[in-house]
Each structure stands twice: as C-alpha cells, then as structure tokens.
2 protein chains.
Amino acid sequence: MTQTDPIIAVLDLGGYRLTAPRRAIAALIAGYGGHFTAAELELAARERRLGLSRATLYRALDLLIELGVIERLDLPGGDHAYVPCARAHHHHVVCSRCGRTAEVTDSGVAEAVAEIAHQTGYEISTHRLELFGLCRHCQVKTALDA
Amino acid sequence: MTQTDPIIAVLDLGGYRLTAPRRAIAALIAGYGGHFTAAELELAARERRLGLSRATLYRALDLLIELGVIERLDLPGGDHAYVPCARAHHHHVVCSRCGRTAEVTDSGVAEAVAEIAHQTGYEISTHRLELFGLCRHCQVKTALDA
DNA sequence: CCTCTGTCTAGACTGAGTCGCAATAATTAT
DNA sequence: ATAATTATTGCGACTCAGTCTAGACAGAGG
Ligand SMILES: [Zn+2]
Ligand SMILES: [Zn+2]
Ligand SMILES: [Zn+2]
Ligand SMILES: [Zn+2]
C-alpha cells in the first residue's frame, strides 16, 4: 500500500516506467511469503481481473530477475519458482511442504567453493546453492501427524 | 563395445530389461564427455537412424535419473542438461564455455549446510549445488585470446 | 496538452515434455 | 523350443510454458 514497495523502488531507480501492470505485479509478489510460480501469478492476476497478458507477466519477471529483486529457483521436481529477495549474493532454503523460504548468506560456502576451485582447477565464477527441507512450522505439524 | 558400460550394468542390476533402445541411449550418453541435453540426444539418435521415439528417450532419462547414473543440471540460462555420474551424493562444476564437467564431493559443503540448518531452524534434507566457471583448458584459450 | 518512445494486449506460435493405448519383444515358465 | 507374461516401445495427439509480432496505449518530460 505504501510507497515503500522495494520492487517499485528499484524499478523507479533503474529508470523504468512505473506502469499499472508493473505495480500490479509488484503488489501480487509482495503478497507471497515464500516462492511463487509464473502460473500462480497468472492465475492470481486473472482472478483479480487485472487483465495482464502473459507476455507482460513474463517480461516483468525477466526484468525483475535482471534487477535482482527476485530470483529464480529450480525446484527438485524440475518446476521453476521465484522468490522475492535482496540483491546481494545469497541462497535460499525452501520448505518442501509449505513453500516458505529463508535467505542465507554464503557463510562457510565460500570456503568450500575456494577449495573446490583448488581441487578441480576450474576458475569458478558463479554458483547456485539451493536447500530443501522442513521449516520449523512444518516440522511441528509433521511431528503431530505421527 | 565391451560389456562394461556402467549404465547397462546398473539397468541390469536393477532388474530392468536390456532393450535395444536403452542400449542405444546408453551408448550415446557414453559418447559425451560433459553434459548433454535431451534435444542433443534426440538429434543424435535421429542422425544415426536409431528410430527411437521422443517418449522412449524421456522415459529412459527419467529412469536413469532415478537410478542415479545421470543427474539433471539446471543451467543458469534455464536450460536443462544431464551429466553421467556416480551415484553417491556429489556436485558438478560446469565449464560455461565448453561444457566439460567435473564431479566434486561435499568437502566443506556439509559443514556449511549444518551451519545453515542451525541458523534458519530448517531441517534440511536435500541440497543442490551447481558451480560454473572455466575449466583449465578454456582458461588457457581465453588468456591467448587477449 | 503534445510528443516520443517504452510498454502493453491479444493471440498466434514454438518446442519441450507427457499420455494413452495398441504393438512389440525381453523374460520366464512349460 | 514354444508359448505365456508383462515390461517396454512407438505413435500421435495433447498440454503447457514461454516467446514473438504488430498495432494500440500510456508514462514522462517538455
Ligand atoms: Zn514449511
Ligand atoms: Zn553463494
Ligand atoms: Zn572448458
Ligand atoms: Zn552436497
């Protein structure tokens, strides 16, 4: 609601036009706690009669990725999902039951990467780390189900 | 040529039928040093007049993944590729220029994962780490191009 | 306001991957 | 060897994500 939507802010800063579709998409994204898929966004948009075309949706996602305010995850099953996130390098832990995500820093990973570079002789420029498991919430629920 | 194709061996061990299409696919895969895509396999099969249907190809890939003799990579650009590999848990470093891959163990990563679990409270069950950079070969080539 | 141009819509299109089912062939039993 | 069993294949139609094009539209700045 407030002017402080980080996505809008970044778009503005980047000199991109603050159009109605982009504002709508930003609002939808802000509504998700964890990850969301393109299909979910599309459905949500349709339900709310926002009238955005698929093309616009995908272009917006591409742009937001480029700007680093969302990131694409490749779920173990092969599906693609997105998470809103900070722009510095980091990774995500995804709850495989409810989808909640948490960001984590490279703590410790950097050393491992350096070690790997040394062992293999590769000059490593990028890496992606994705972690999957149960969030606290779902750990409890699972315990109760037993 | 020899009976020692690891893919065939694993299929046999798992009690799966050693059919002509599977043998053909195993042979094709063995021919790749680094990663390959489903489309590449399909093309190679068509060129050699092997007459396998797409469905069979994809079913075979799924099976081989399940058996752990190949693994699916999600390239940064969003494409999917596969690498033949050992069955124990490990990760891949992919040369972003020539596609050569190397396997690396969890050395160091495990600690980082434990630390992340502790920090976030998630009970982490799986993780995927993919590294991208230049292999030794391509480092040299790049240096010469300068 | 008016213009310039970035962005949007609609809908056709592509290409990866899937599905159901009849035909085929690797195993197993006889 | 032959027949019976059933996993696997091929086909072709299908779905669905994502892309593309071209004309209409609407921000931002003057
Ligand atoms: Zn959860
Ligand atoms: Zn990292
Ligand atoms: Zn290389
Ligand atoms: Zn690992």
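This text goes with the structure placed above it.
None of the values given here were measured: they were computed from a predicted structure.

A. Molecular detail of the packing of helix α3 (residues 38–47) of chain A against helix α4 (residues 54–67) of chain A. All names here are of chain A. Two numbers describe how α3 lies on α4: the axes approach to 11 Å, and their chain directions differ by 130°. It follows from the interaxial angle that α3 and α4 lie oblique. Of the two elements, α3 crosses α4, and the hand of that crossing is right-handed. Every residue of α4 that contacts α3 at A38, L41 and E42 is listed here: R54, L57, Y58 and L61. Classifying every residue of the contact of α3 with α4 gives five nonpolar, no polar and two charged.

B. Representation of the coordination of the zinc ion (ligand 1). All names here are of chain A. Here the zinc ion (ligand 1) is held by C95 (SG), C98 (SG), C135 (SG) and C138 (SG), and the distances to it run 2.2 to 2.4 Å. One can describe the donor arrangement at the zinc ion (ligand 1) as tetrahedral, given that its four donor atoms subtend angles of 103 to 115° at the metal. One chain supplies every donor for the zinc ion (ligand 1), spaced along it as C-x2-C-x36-C-x2-C. Residue C98 is found in the loop between β3 (91–95) and β4 (101–104), and its partner C135 is found in the loop between β5 (123–134) and α6 (136–145); the two are separated by 37 residues along the sequence.

C. View of the relation of the copies chain B and chain A. Rotating chain B by 180° and moving it 0.0 Å along the rotation axis overlays it on chain A with an RMSD of 0.1 Å. Put plainly, the chains are arranged around a two-fold axis. Closest approach to the rotation axis within chain B is made by the C-alpha atom of L129(B), at a distance of 2.2 Å. The share of interface residues of chain B whose copies in chain A are also at the interface is 100%, consistent with both copies meeting through the same surface.

D. Spatial organisation of the packing of helix α1 (residues 6–13) of chain B against helix α2 (residues 20–31) of chain B. Contact geometry for α1(B) and α2(B): axes closest at 9 Å, N-to-C directions at 145°. For the pair α1(B) and α2(B), the contacting residues are I7(B), I8(B) and L11(B) in the first and R22(B), R23(B), A26(B) and I29(B) in the second.

E. Broad picture of the packing of aromatic side chains. All names here are of chain A. Counted according to the given criterion, the structure contains four aromatic pairs over all chains. Plain terms: the ring middles of F36 and Y82 are 5.9 Å apart, the flat faces sit at 25° to each other, and that makes the pair stacked. In this pair, F36 is assigned in the loop between α2 (20–31) and α3 and Y82 in strand β2 (residues 80–84), connecting sequence segments 46 residues apart.

Parameters and conventions
Residues numbered from 1 in each chain as written. Chains lettered and ligands numbered in written order. Predicted model: local features only at pLDDT ≥ 70, side-chain atom pairs only at ≥ 80, totals over all residues. Heavy atoms only, no water. Axes fitted to C-alpha atoms, helices over the stretch in contact; angles between N-to-C directions. Helix = DSSP H or I, 4+ residues; strand = E, 2+ residues; numbered from the N terminus. Parallel < 35°, antiparallel > 145°, perpendicular 65-115°, else oblique. Left-handed = near helix turned anticlockwise from the far one by under 90°. Contact = heavy atoms within 4.5 Å. Nonpolar A, V, L, I, M, F, W, Y, C, P; charged D, E, K, R; others polar. Donors = N, O, S within 2.8 Å, 3.2 Å for Na, K, Ca; no water. Tetrahedral: all angles 85-135°; square planar, octahedral: opposite > 155°, others 65-115°. Least-squares fit on C-alpha atoms with pLDDT ≥ 70 in both. Phe/Tyr/Trp six-rings, centres within 6.5 Å; stacked < 30°, edge-to-face > 60°.

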